[in-house]
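Reading the structure
Chain by chain, the residues run as shown.
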Amino acid sequence: MRIEAIFSYEPKDGFLFRLHPITKVLFMFFFSIVSFLFGLKSNLIFVIFVLILIVISKIPILNLLKSFKGIYFFLVLAMLGNMFSQPGKEIFQIGGLPVTQEGLETGILVALRLILLVFISISVSMTTSLNELSKAIESLLSPLKIFKINVAEIAFILSLTLRALMLLVTEVVELRKLYQAKGLIRKGMSLKEQIKLAYYLLVPMIVITMRRSEEMAFALSLRGYNPDRTRIILEERRVSKYDTYFAMGVFDIFFAICNVLLVIFAQVLL
Amino acid sequence: MLELVDITFEYNEKKRIFESINFKATSGRLHVFLGRSGSGKTTLLDIAFGFLKPKQGRVYFEGEEVKEPLSSKAVYLISDPERYFFERTVLEEASYPLVFREIAKEKAQAVAKDYLLKSGLSEEYLLRDPLSLSKGEKRRVALVSSLITGSKAIFLDEPISGLDRKGKDAVLSWLRTILSEEKVVLVTAQKLDDFLELKPVVYIISNSKLIEVDFSTARSAYRTFKETGIVAPEKVRIGAILEKSGVKVNLFTTDIEFSEQVARALIKHAY
């Protein structure tokens, strides 16, 4: 699987595809907040829940995991950083550094939270078209209209950014190919060469980004695009029974966890 | 020199791009790969250069197996390379691969100047902004910027697509000088028409197979084009028609020479 595929949306018939975009965006916000309020066990349940969602939505999960080589480094870093830094009961030692039980737990918790955030955002972005996403964001932000903020423009900027990100990723892939062919990128480069290469990669990328955005602005003005104008939406998605079931399921899990916590809390008190 | 043995490749299990194809390059000849969009022309170049690993089979370059990109041994130019121009002058743009390799700026620019003049750009272009050039001129600068590292094998992905007549002619005449230096040139193209004058070896990628077009007679060539569903070049079509009535023409000529041949043949036939 290529890296571009992470950002890409392909219409399929799966559970998350059938949900209303607003439900999905809300679900994303809900889980990212809740994940930071709760501890290890609940986060584990959340991750399993999201994994089940991804699997029943027919997103190729194994390929997805393969294309996340970059994030594993940060996961391990976050885990290690917490493992050694927390004071508490010592379990074992690695290279003379004591690992505490509290440290291990926080390490795993941080890693789980990261995994959860990545999985949720991917499951939403891979199952929602950009149009729908920007519309959902627009309608969710619409209360801001009271403060005379142009919500339509913000939503449009957001969706353009997502779109441009995809374009830039493909450009980077091509540029890498060009440089590999010219012998600028190869195995066993010295640090000095790598720093020099960063210049050769960054400058063209900035130039390309500027040129691309200029082209985009030109194309938009040519078509007379005005985000403020009222639009009629063809085949508007409506909130269906799936959305209700989904919301019920999410809140079920949420309350179940609350219950368990309450029981534990009561046991501690009594 | 460059050899592909029994290559099988697929991006995903649904669609197989290549099914055990074999290919051997001859130095001093132009190899053109034709095919519909999505048939795997660029993929074939990628495999031959070592960007992609085939699922089965091996690639050999100068007797050695290719396991990673042939970065400094061969030259590969992606399609529309002029998108990635970023230096301020044509001379700097053309010479940066050498400057990166710790070669003194003056020396690198001298080499670049030599190449640029050979490619048909005059001296006044050297200090201009590369973005201000015309598309054909840009393409030549990009070609110089890739070829400057020097190599025996050259891979070009759609080198003349999107160029006007003048730009095409410049690239083609330059290709002719490159070929005269006994180099291997692999080219992908949408249409064969413009390359015919360079006497190429033509391959068509169709149904995950690599089919060599037999140019011994115009009719056999036309038949291959028709069977694979690729639009045959004008010269091949006309050649096939003339051959039917017993007139033989040389297909590997420039447009003007070809018209002359046809005119002569017609006059001879009529009187």
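Above: the structure in question.
Residues numbered from 1 in each chain as written. Chains lettered and ligands numbered in written order. Predicted model: local features only at pLDDT ≥ 70, side-chain atom pairs only at ≥ 80, totals over all residues. Heavy atoms only, no water.

1. Focus on unusual backbone geometry
Residues and elements named next belong to chain B. Here is the rule: A run of H or I in DSSP counts as a helix once it spans at least four residues, and a run of E counts as a strand once it spans at least two, with each numbered from the N terminus.
One non-glycine residue, Glu182, lies in positive phi territory at about 60°. Its identity as a non-glycine residue notwithstanding, Ser208 has a phi of 55°, on the positive side. Structurally, the position occupied by Ser208 is in the loop between strand 9 (201-206) and strand 10 (209-212).

2. Here's the deal with a positive patch on the surface
All names here are of chain B. Our working rule: By definition, no residue in a patch forms a salt bridge, and every one has over 30% relative accessible area; like charges are joined within 9 Å, nonpolar side chains (Val, Leu, Ile, Met, Phe, Trp, Tyr) within 5 Å. Where accessible areas are quoted, they stem from the Shrake-Rupley method and a 1.4 Å probe; at the residue level, only the protein chains shown are allowed to cover. Salt bridge, as used here: a side-chain nitrogen of Lys or Arg that lies within 4 Å of a carboxyl oxygen of Asp or Glu. Counted as positive: Lys and Arg. Counted as negative: Asp and Glu. His and the chain ends are not counted at all. To locate a charge, take atom NZ for lysine, CZ for arginine, CG for aspartate or CD for glutamate.
A grouping of Arg219, Arg223, Lys226 and Lys244 is seen on the molecular surface, where their side chains present a positively charged patch. Broken down by element, the positive patch gets its largest block of residues, three residues, from helix 6 (residues 218-228). The residue Arg223 is located in helix 6 in this model.

3. Observations regarding the packing of aromatic side chains
Here is the rule: To pair, rings of Phe, Tyr and Trp, with the six-membered ring standing in for Trp, must have centres within 6.5 Å; the planes then decide the type, stacked if under 30 degrees apart, edge-to-face if over 60, and tilted in the middle. Only protein chains enter the calculation, and the probe is 1.4 Å; a residue is then buried if its accessible area is under 20% of its type maximum, exposed if over 50%, and partly exposed in between. A ring has a charge above it when a Lys NZ or an Arg CZ is no more than 6 Å from the ring centre and no more than 35 degrees off the ring normal.
Counting across every chain of the model gives 31 aromatic pairs over all chains. Residues Phe9(B) and Tyr11(B) carry aromatic rings whose centres are separated by 5.1 Å and whose planes lie at 85° to one another, so their mutual orientation is edge-to-face. With a relative accessible area of 6%, Phe9(B) lands in the buried category. Overall, the relative accessible area of 40% leaves Tyr11(B) in the partly exposed class. Here Phe49(B) and Phe51(B) contribute two aromatic rings whose centre-to-centre distance is 5.0 Å and whose plane-to-plane angle is 35°, an arrangement assigned as tilted. Residue Phe49(B) is classed as buried on the basis of its relative accessible area of 0%. A cation over a ring is seen here: Lys196(A) above Phe100(B), with NZ or CZ 5.1 Å from the ring centre. The positively charged end of Lys241(A) is found above the aromatic ring belonging to Tyr242(A), 6.0 Å away from the centroid.

4. Focus: the pattern of salt bridges
Two side chains with opposite charge may pair up if their charged atoms get near one another. Counting across every chain of the model gives 22 salt bridges over all chains. Put simply, Glu19(B) and Arg16(B) hold a salt bridge, and the shortest N to O gap is 3.1 Å. What you see here is one network of salt bridges that share partners, running through Glu171(A), Glu174(A), Lys177(A), Arg212(A), Asp46(B) and Arg83(B).

5. Here's the deal with the packing of helix 4 (residues 40-56) of chain A against helix 7 (residues 101-125) of chain A
Residues and elements named next belong to chain A. The cut-off we apply is this: For helices, the fitted axis covers only the stretch in contact; all axes are lines through C-alpha atoms, and the angles between them, taken along N-to-C directions, range from 0 to 180 degrees. With respect to orientation, any angle under 35 degrees is reported as roughly parallel, any angle over 145 as roughly antiparallel, any angle of 65 to 115 as roughly perpendicular, and every other angle as oblique. Take the far helix as your reference; a near helix turned counterclockwise from it by less than a right angle gives a left-handed crossing, and one turned clockwise gives a right-handed crossing. When checking whether two residues touch, look at their non-hydrogen atoms; a contact exists if any pair is within 4.5 Å. The nonpolar class holds Ala, Val, Leu, Ile, Met, Phe, Trp, Tyr, Cys and Pro. Asp, Glu, Lys and Arg form the charged class, and all remaining residues, Gly among them, are polar.
Relative orientation of the contacting elements helix 4 and helix 7 amounts to 25°, with a least axis distance of 9 Å. When the axis of helix 4 is compared with that of helix 7, the two are roughly parallel. Crossing of helix 4 against helix 7: the hand is left-handed. Judged by residue contacts, Leu40, Asn43, Leu44, Phe46, Val47, Val50, Leu51 and Ile54 of helix 4 engage Glu105, Ile108, Leu109, Leu112, Arg113, Ile115, Leu116, Phe119, Ile120 and Ser123 from helix 7. Counted by class, the contact of helix 4 with helix 7 contains 14 nonpolar, two polar and two charged residues.

6. A closer look at the interface of chain B and chain A
Much of the literature gives interface size as the accessible area that the parts lose upon coming together. Our working rule: Once two parts are joined, some of their accessible surface, as seen by a 1.4 Å probe, is lost; buried area is that loss totalled over both. Within 3.5 Å is the distance limit for a polar contact, defined as a pair of N or O atoms, with the added protein rule that one can donate a hydrogen and the other accept it, and that residues adjacent in sequence qualify only through two side-chain atoms.
Each partner contributes to the interface: chain B provides 29 residues, whereas chain A provides 25 residues. Of the roughly 2,400 Å² buried where chain B meets chain A, counting both sides, 56% is carbon and sulfur surface. It is Tyr84(B), Phe86(B) and Phe100(B) in chain B that bury the most area against chain A; as a group they hold 34% of the surface buried on that side. Ionic pairing is found between Glu174(A) and Arg83(B), a salt bridge with its closest N-O pair at 3.3 Å. Where chain B meets chain A, there are ten residue pairs in polar contact (both at pLDDT 80 or more).

7. Considerations on the sheet that holds strand 9 of chain B
Residues and elements named next belong to chain B. This is how the line gets drawn: In this description, strands pair whenever DSSP reports at least two bridges between them.
With mixed pairing, the six strands of this open sheet are ordered in space as 6-7-8-3-9-10. The sheet terminates laterally at strand 6 (74-77) and strand 10, the two strands that pair on one side only. Averaged over all neighbouring strand pairs, the angle between strand axes comes to 20°, with direction disregarded. Sheet topology note: the strand 3 (residues 30-34)/strand 8 (residues 184-189) ladder contains five bridges and is parallel. By the bridge assignment, Leu34 is partnered in strand 8 with Ala189.

8. Focus on the packing of helix 10 (residues 191-222) of chain A against helix 2 (residues 90-100) of chain B
Contact geometry for helix 10 of chain A and helix 2 of chain B: axes closest at 12 Å, N-to-C directions at 165°. Here helix 10 of chain A is positioned roughly antiparallel relative to helix 2 of chain B, judged by the angle of their axes. Read as a crossing pair, helix 10 of chain A and helix 2 of chain B show a hand that is left-handed. Where helix 10 of chain A approaches helix 2 of chain B, its residues Glu193(A), Lys196(A), Leu197(A) and Tyr200(A) are matched on the opposing element by Tyr96(B), Val99(B) and Phe100(B). Here the residues of the contact of helix 10 of chain A with helix 2 of chain B sort into five nonpolar, no polar and two charged.

9. Considering the sheet that holds strand 4 (residues 56-61) of chain B
Residue and element names in this part refer to chain B. The four strands lie next to each other as 2-1-4-5, forming an open sheet whose pairing is antiparallel. One side of each edge strand has no neighbouring strand; the edge strands of this open sheet are strand 2 (15-24) and strand 5 (64-65). Pairing of strand 4 with strand 5 involves two bridges; the strand directions are antiparallel. What sits directly across from Tyr60, in strand 5, is Glu65. Sheet contacts for helix 1 (residues 41-49): strand 1 (2-12), strand 2 and strand 4; angle to strand 1, the most-contacted strand, approximately 125°.

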